[in-house]
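A structural walkthrough
One letter stands for each residue in the lines below.
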Amino acid sequence: SGKSLCFFIPIVSTILAEKRVAATPRTRAIIIYPMNALANSQLEELGKFIPDRPGGRPVTFDRYTGQEDNETRLRIANNPPDILLTNFMMLELLMTRQDEIDRKVIGNCVGLRFLVLDEFHTYRGRQGADVALLVRRVRERLSNDLQCVGTSATMKSEGSIEERGRVVARVASKLFATTITESSVIGETLERVTNPALKRET
């Protein structure tokens, strides 16, 4: 629970710090969702955490998934959001299409700081290989200092915490084309807030 906040809070913090130094608009983070419905849902959640206010949002975000009309695409190209929500197929198209608007959108991502793959466990088999190659091209074209994040609630549930961490780190290292250590894997443990010895009589 709360895995989205685990990456959005440090991303927003970093963006705010960087914008104080260099305020030139550009996209600093790309969040990839396996389904557009997840991107739509997260767009709404971000609106709750970073509400609009007089003078605009301190950190901007937008969705670019193929559902947007030409006017919206043009607005995003001309006013790059700090955070771009998309899916891996659209990111692939942004990297390869010669459409003028798409080229401008991806051009605004040069110097990218964060690449997040939500629902990390879905990227396996052929799709996993395609995404792994996409990540390598993103790293080569957009950033030498890219921090990759993968999130999953169902990645590995068997074995000890250490064993689960090793498995996740090994998969992440392959997908992100960099060394991920098990110490970089953040897990979750549950702690009861009620006394299990106390049972309600029925």
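All values derive from a computational prediction rather than experimental measurement.

Some thoughts on helix α3 (residues 70-78)
Of all the residues in α3, the buried ones are Thr72, Arg73, Ile76 and Ala77. Along the long axis of α3, the arc covered by the buried residues comes to 140°, so they all point the same way.

Some remarks on the packing of aromatic side chains
Within the structure shown, the criterion is met by three aromatic pairs. Where Phe7 meets Phe8, the ring centres are 4.6 Å apart and the plane angle is 40°; that geometry is what we call tilted. Residues Phe7 and Phe8 agree in their burial class; the two are buried. Between Phe88 and Tyr123 the ring centres are 6.0 Å apart and the planes differ by 90°, which places this aromatic pair in the edge-to-face class. Taken together, the residues Phe88 in helix α4 (residues 88-96) and Tyr123 in the loop between β4 (114-117) and α6 (125-142) connect sequence positions 35 residues apart. On the accessibility criterion, Phe88 (13% relative accessible area) is buried. Its end group placed over the ring of Phe114, Arg113 keeps NZ or CZ at 5.1 Å from the ring centre.

About the cut-offs
Residues numbered from 1 in each chain as written. Predicted model: local features only at pLDDT ≥ 70, side-chain atom pairs only at ≥ 80, totals over all residues. Heavy atoms only, no water. Buried < 20%, exposed > 50% of the residue type's maximum accessible area, 1.4 Å probe, protein only. Helix = DSSP H or I, 4+ residues; strand = E, 2+ residues; numbered from the N terminus. Arc of directions from axis to C-beta. Phe/Tyr/Trp six-rings, centres within 6.5 Å; stacked < 30°, edge-to-face > 60°. Lys NZ or Arg CZ within 6 Å of the ring centre and 35° of its normal.

Read these as geometric descriptors, not functional statements.
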